[in-house]
Every structure is written in structure tokens, then in C-alpha cells.
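An overview of the molecular structure
Here is what each chain is made of, one letter per residue.
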Amino acid sequence: MNDIFIISLAGFITGITTVLFGFGGGFVVVPFVYQLLRRQPDMMENALHIAVATSTAVMIFNAGWVSYRNWRAGSISAQACLPLLWFIAAGAVTGSWLAGLLSEEWVRILFVLYMLLTIGDCLLRKGFFIGSVPRRLSLATVTGGGIVIGVIAALLGVGGSVMTVPLLRRHGYAMRDCISAANPLSLPVALCGAVTYAVSGWQKIPAEGFLGFISLKIMGLLMITGWMGILFTRRLIPAVPDVWHARIYVLLLCAVLLAMLL
């Protein structure tokens, strides 16, 4: 019962962060599920792979639903989203393939390093907390940056929001536009990653209810509670001022990093 409550809480929080920050699942789901599975002897060796794979699958629903709603509302910036979409998809294919080659410990180390670099980048480089006039992304940024985002996001099961949001923010976009773009940009990562984890983990987990490394039971519970979190956020949480939106975004990243370290 305690495990069900923890997963439900993670799913509900994921729904909230998907709407407010473009986090389709990874930065909340991975630490929660990882810590949960580490206490189960038959899952311990693959705990992080299962957490990342399940997070990636959940991301398809969360990011897809919010993207659809934002598209219906006309709040997705094509200028911010479309140039990066195809290159992130290309990088996601490579990242998903690499994920099956790395050990559990390496995935954890890369996840922590990724978080440290992202937080440091937001805090130390100018342009994240104070918006400016939007400007187009250069060709080099779109191609090179898009591929790198796709590789890292698929490898670690975190979507692309933690790189796409700071990138777009530094090009002058308001946080609401960055978040609206982050969800559709996470979809190619989620789709490629979920398929790869299902294939690479085929029959490697000695338990029922798994599709490769994806835990179907955990995924189903996360999807239901995540949808509840999405509805809760859209109906009851008011719009956040831009500067506070950026600050809370970084604080949330610090909290997830702390959870993984502890």
C-alpha cells in the first residue's frame, strides 16, 4: 500500500510539472521509482533501467496530452518548436541505442552529472532568469544542439525539457513559450526511447508485468495519477509570473538532484 501511495504521488506531481515546467516524467518519476525498486532484491540490479524506461513510456502520454491541449489553444510557438523537432528525433534514436549498452551505475552517474551541468548552466550563465526579445536559433544550434538534446534525453529518460527550456529562454522566449515547446519536443524522445527499452530489455526482468524494461503496472498507475495532476494544474493553479516561473524551475531541478544523491 505504501508503494502504491509513493508511485501515485510521483504520478500526480509529474502531471503538475508537465503542465508548469514541461517535465514529461523523468525528473520526478526516475528518482521515486529508482528508490522504490532498489529495495526489491529481484529488481535491484535493473532498478535504474526500469525507472528510466517506465518514465520514458509515461512521457508519451503526459507530453502528448499536454501538447494536444496547447495546440488546440494555439499556444505552441512553431518558430521555437519546429526547427529543433527533427534533429532531437534523430538524436533520440542514437541515445536510445546507447542506453542499452551502458551499465546501471553509469546511467546513474550520467544522470547526476547531467543535472549538475544543467543547474550550473542556469545559475552561472546570464539570460535564464531575465527574458529578452525572442530571436531565431542559428543553424548550428538547431542541428548540433538538437541532436545532443535528443541523445542525452533518450539515454537518461528525461525528455528534452531541461535542455530545450534553457536554450529557448536564452534566445529571449518567455517561460510559457519555452514550456509549451518543451512538451512536443519531448515526444520523439519518448517514442524512440520506449520502443528501444521494450526491445533491449526483452525477457531480462524475472517477473511478470514487464514489456522489456518497462513496468506496465507502474506505468498504468503513473498515467492515471499523472492525468489527475494535469487536470488539477489546469483548473486550480493560477499562471505563474515569468521571473518566478524561471526560479521555481531551477529549484525543482535542485530538489530532483538531491533526491538522486541521497
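Residues numbered from 1 in each chain as written. Predicted model: local features only at pLDDT ≥ 70, side-chain atom pairs only at ≥ 80, totals over all residues. Heavy atoms only, no water.

Things to note about the UniProt feature "transmembrane region" (unreviewed entry) in the chain
Spelled out, the test is: UniProt positions are given in the numbering used here, feature names are shortened, and annotations may be inferred rather than shown by experiment. By the criteria applied, helices consist of DSSP H or I runs no shorter than four residues and strands consist of E runs no shorter than two, each listed in order from the N terminus.
UniProt's feature table lists "transmembrane region" (unreviewed entry) at residues 12–34, 46–68, 80–100, 106–124, 136–159, 179–199, 211–232 and 244–261, given in the numbering used throughout. For residues 106–124, helix accounts for 100% and strand for 0%, while the C-alpha atoms at its two ends are 26 Å apart. Each end of residues 211–232 is marked by a C-alpha atom, and these two atoms are 30 Å apart; helix forms 77% of the span and strand 14%.

What to know about the nonpolar core
Among soluble globular proteins, nonpolar side chains are generally buried collectively. Let me state the cut-off plainly: Here, nonpolar core means buried Ala, Val, Leu, Ile, Met, Phe, Trp, Tyr and Cys residues that are tied together by side-chain atoms lying within 4.5 Å of each other. In this scheme, a residue with accessible area under 20% of its type's maximum is buried, one over 50% is exposed, and one in between is partly exposed, where area comes from a 1.4 Å probe on protein chains only. Residue contacts are defined here by distance: any two heavy atoms, one from each residue, within 4.5 Å place the two residues in contact.
Ranked by size, the top nonpolar core spans 69 residues in total, and within it Phe128, Val165 and Tyr249 carry the most contacts. It is helix 8 (residues 175–200) that provides the largest number of residues to this core, a total of ten residues. With residues up to four places along the chain from it excluded, the contact list for Phe128 reads Cys122, Val165, Pro166, Arg169, Arg170, Met175, Ala246, Tyr249 and Val250.

Quick word on the environment of Leu85
Residue placement: Leu85 occurs in helix 4 (residues 78–99). Accessibility expressed as a relative area gives 17% for Leu85, which makes it buried. Aside from chain neighbours lying at most four places away, what touches Leu85 is Pro184, Leu185 and Pro188.

What to know about the packing of helix 6 (residues 139–156) against helix 7 (residues 161–170)
The description of two helices packed together rests on the angle between their axes and the distance between the axes. Put simply, the test is: Axes here mean lines fitted to C-alpha atoms, for a helix over just the part in contact, with angles spanning 0 to 180 degrees between N-to-C directions. When an angle is under 35 degrees it counts as roughly parallel; over 145 it counts as roughly antiparallel; between 65 and 115 it counts as roughly perpendicular; any other value is oblique.
In contact at an axis separation of 9 Å, helix 6 and helix 7 are set at 155° when each is read in the N-to-C sense. One finds that helix 6 runs roughly antiparallel with respect to helix 7. Residues Thr141, Ile149, Ile152 and Ala153 of helix 6 pack against Met163, Thr164 and Leu167 of helix 7.

Description of the packing of aromatic side chains
In plain terms, the rule: Within 6.5 Å between ring centres, the rings of Phe, Tyr and Trp (the latter by its six-membered ring) count as paired, and their orientation is classed by plane angle as stacked under 30 degrees, edge-to-face over 60, tilted in between.
If you walk through the whole model with that rule in mind, you get three aromatic pairs. Ring plane angle 50° and centroid distance 5.4 Å describe the contact between Phe12 and Phe232, whose orientation is recorded as tilted. Residue Phe12 is located in helix 1 (residues 2–21), and its partner Phe232 is located in helix 9 (residues 216–236); the two are separated by 220 residues in the primary sequence. Take Phe232: its relative accessible area is 33%, and that puts it in the partly exposed class. Ring-pair connections join several aromatic residues into one group, and the members of that group are Trp65, Tyr68 and Trp71.

A few points about helix 1
Under the convention used in this document: Here a helix's expected span is defined as the number of its residues, less one, multiplied by 1.5 Å.
The end-to-end C-alpha separation of helix 1 is 27 Å, in line with the 28 Å expected for 20 residues at 1.5 Å each. By the burial criterion, the buried members of helix 1 are Ile7, Ser8, Ala10, Gly11, Thr14, Gly15, Ile16, Thr17, Thr18, Val19, Leu20 and Phe21. Trailing helix 1 by a residue or two, Gly22 shows a phi angle of about 80°, which is positive.

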